[in-house]
Amino acid sequence: LLAEYCTPGRSEHSFWNFVRFAAGWNYRCQEEGQKYWLTEDIHKPWCDWAEAIVLQWKADRRSGRSSRRVKVIDCVPRGFGKSNMITKCIPIWSMLDEPNMSWYIGSETHPKAKSFLEPIKTMLDGSDPFSRFTWLYGNWCNPDRKWNQEEITTAYRTSTGVTEPSIGTFGVETGITSKHPLGLMYDDPISDEKLREGGIWLTLAIRSLDSIYPALRPDSLIWLIGTRYEDRDPIGYMLENEGVASWFGHEPIERYKPGAWHVHYLQARDRRRNEQFEKGEPTVPVLYDNEALEQDEHQNPQRYA
């Protein structure tokens, strides 16, 4: 019954259930010394939003109604769980009813992208003590297929004719060559640390995004995940140049033209609710209460804007 509730199309909250039980965050967050950061008011609607986009994309591809690429932006503060929920869970959850999918996970550097793959592997092979994935769906590790630090091909895959791995990795500096995945997660192509190093990292990150488009299938799903740093960072660049298809979460600060991207936008403060705090109510107080936000905002107003 729980396996059904975590599978795409079998429950109206299947992705939320997958994150909590199959991926194990319901149990991991209860470990001593951890915070239970999964919230009913923020993370459940967020998961439902992500689920609706993926299911519509799947339905359009299967029906032949659309061969257009679907583009998604998740723009939320650090520590809100975007990598744990979206980057590490969407690819696997989407494979439960399509075993031959191929995804690539990218980040600012290839080693960072590979670090996202490692916990996915432990979920799929049963070595993660908090995950219930193998109990629900079996062990997806096949030693006769690729299973290394850079890419994996699951035992669940049924077609041996697919040349792309189930999940591969790349960085801004490497890109994707000679591969044509169906899904792509680009998680923080820039960071505050890279920006402090100087140079032309913003330009390189934007060029990397542009160069990836030809490698993706025309009916692919691209998910850009990150925190805003500057007006012309990759998220800002894409919104300004390609526009917004839909908006979910906090209201946009800028106006954007109609366009391609489905956007989930959250700030650490909800500016619409300022009855108690003038700057806005903390969005997820279990992660950042007002005192913590005040300290960060005072210490570095630009970084924590």
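All of the points below concern the structure found in this document. (Residues numbered from 1 in each chain as written. Predicted model: local features only at pLDDT ≥ 70, side-chain atom pairs only at ≥ 80, totals over all residues. Heavy atoms only, no water.)

Looking now at the overall build of the protein. Secondary structure assignment for the protein yields twelve helices and ten strands. Computed over its C-alpha atoms, the radius of gyration of the protein comes to 19 Å, within 12% of the 19 Å expected for a compact globule of 305 residues. Counting only C-alpha atoms, the protein reaches 55 × 40 × 40 Å along its principal axes. Within the protein, buried positions represent 54% of all 305 residues. Contacts spanning at least 24 positions in sequence make up 65% of the contacts within the protein whose residues lie at least 6 apart. Carbon and sulfur atoms make up 48% of the accessible area of the protein, which totals about 14,100 Å². (Helix = DSSP H or I, 4+ residues; strand = E, 2+ residues; numbered from the N terminus. Rg over C-alpha atoms; globule rule 2.2 N^0.38 Å. Buried < 20%, exposed > 50% of the residue type's maximum accessible area, 1.4 Å probe, protein only. Contact = heavy atoms within 4.5 Å. Areas by Shrake-Rupley, 256 points an atom, 1.4 Å probe, with all protein chains shown as cover.)

Summed over all chains, the structure comprises 13 aromatic pairs. Through pairs of rings, three or more aromatic residues link up here, namely Phe 18, Phe 133, Tyr 137, Trp 140 and Tyr 156. One cation-aromatic arrangement involves Arg 61 over Trp 57; the distance from NZ or CZ to the ring centre is 4.6 Å. Here Arg 69 stacks its cationic end above the ring of Tyr 213, 5.5 Å away from the centre of that ring. (Phe/Tyr/Trp six-rings, centres within 6.5 Å; stacked < 30°, edge-to-face > 60°. Lys NZ or Arg CZ within 6 Å of the ring centre and 35° of its normal.)

In this section: the nonpolar core. Ranked by internal contacts, the top residues of the largest apolar core, which has 55 residues, are Phe 18, Ile 86, Ile 90, Ile 92, Phe 133 and Trp 223. Here this core gets seven residues from one element, more than from any other, and that element is helix H4 (residues 43–63). Once residues lying within four places of it in the same chain are set aside, the contact partners of Trp 223 are Trp 49, Ala 50, Val 54, Val 72, Asp 74, Ile 86, Ile 90, Leu 184, Met 185 and Tyr 186. In this structure, Tyr 186, Leu 216, Met 238 and Tyr 265 belong to the second largest nonpolar core, which totals 29 residues. (Core = buried A, V, L, I, M, F, W, Y, C linked by side-chain atoms within 4.5 Å.)

Attention now moves to helix H2 (residues 14–22). Of all nine residues in H2, nine are buried, a share of seventy percent or more. A positive backbone phi angle near 90 degrees is found at Gly 24, which sits one or two residues after H2.

Okay, the packing of H2 against H4 next. Where H2 contacts H4, the axes come no closer than 7 Å and their chain directions differ by 120 degrees. As the angle between them shows, H2 and H4 are arranged oblique. The way H2 lies across H4 gives a crossing that is right-handed. Contact residues: Ser 14, Phe 15, Trp 16 and Val 19 in H2; His 43, Lys 44, Cys 47, Asp 48, Ala 50 and Glu 51 in H4. Considering only residue class, the contact of H2 with H4 consists of five nonpolar, two polar and three charged. (Axes fitted to C-alpha atoms, helices over the stretch in contact; angles between N-to-C directions. Parallel < 35°, antiparallel > 145°, perpendicular 65-115°, else oblique. Left-handed = near helix turned anticlockwise from the far one by under 90°. Nonpolar A, V, L, I, M, F, W, Y, C, P; charged D, E, K, R; others polar.)

Below, the discussion takes up the state of the cysteines. Scanning the model with the defined rule gives zero disulfides in all. Lacking any disulfide linkage, Cys 6 is separated from the closest cysteine sulfur, that of Cys 89, by 10 Å. Left without a disulfide partner, Cys 29 is nearest to the cysteine sulfur of Cys 89, which lies 11 Å away. Taking the relative accessible area as the measure of exposure, Cys 29 reaches 4% and is therefore buried. (Disulfide = S-S within 2.5 Å.)

Another aspect to go through is the side chain of Glu 151. In this structure, Glu 151 sits in strand E3 (residues 151–152). With a relative accessible area of 16%, Glu 151 lands in the buried category. Here Lys 146 takes part through its side chain, which lies 3.0 Å from a polar atom of the side chain of Glu 151. Ignoring anything within four residues of it in the chain, the contact list for Glu 151 reads Tyr 104, Leu 117, Lys 146, Pro 165, Ile 167 and Gly 168. (Polar contact = N/O pair within 3.5 Å; in protein donor to acceptor, adjacent residues only side chain to side chain.)

Using the criterion set out here, one finds 20 salt bridges in the structure. Arg 62 is the partner of Asp 97 in a salt bridge, and the nearest nitrogen-oxygen pair spans 3.0 Å. Within this pair, whereas Asp 97 is found in the loop between helix H6 (90–95) and strand E2 (103–107), its partner Arg 62 is found in helix H4, the two being separated by 35 residues in sequence. Here Asp 97 falls in the partly exposed class, since its relative accessible area comes to 26%. For Asp 270, the salt bridge goes to Arg 272, with nearest N and O atoms at 3.1 Å. In this structure Asp 270 comes out as buried when scored by relative accessible area, which is 7%. (Salt bridge = Lys/Arg side-chain N within 4 Å of Asp/Glu carboxyl O.)

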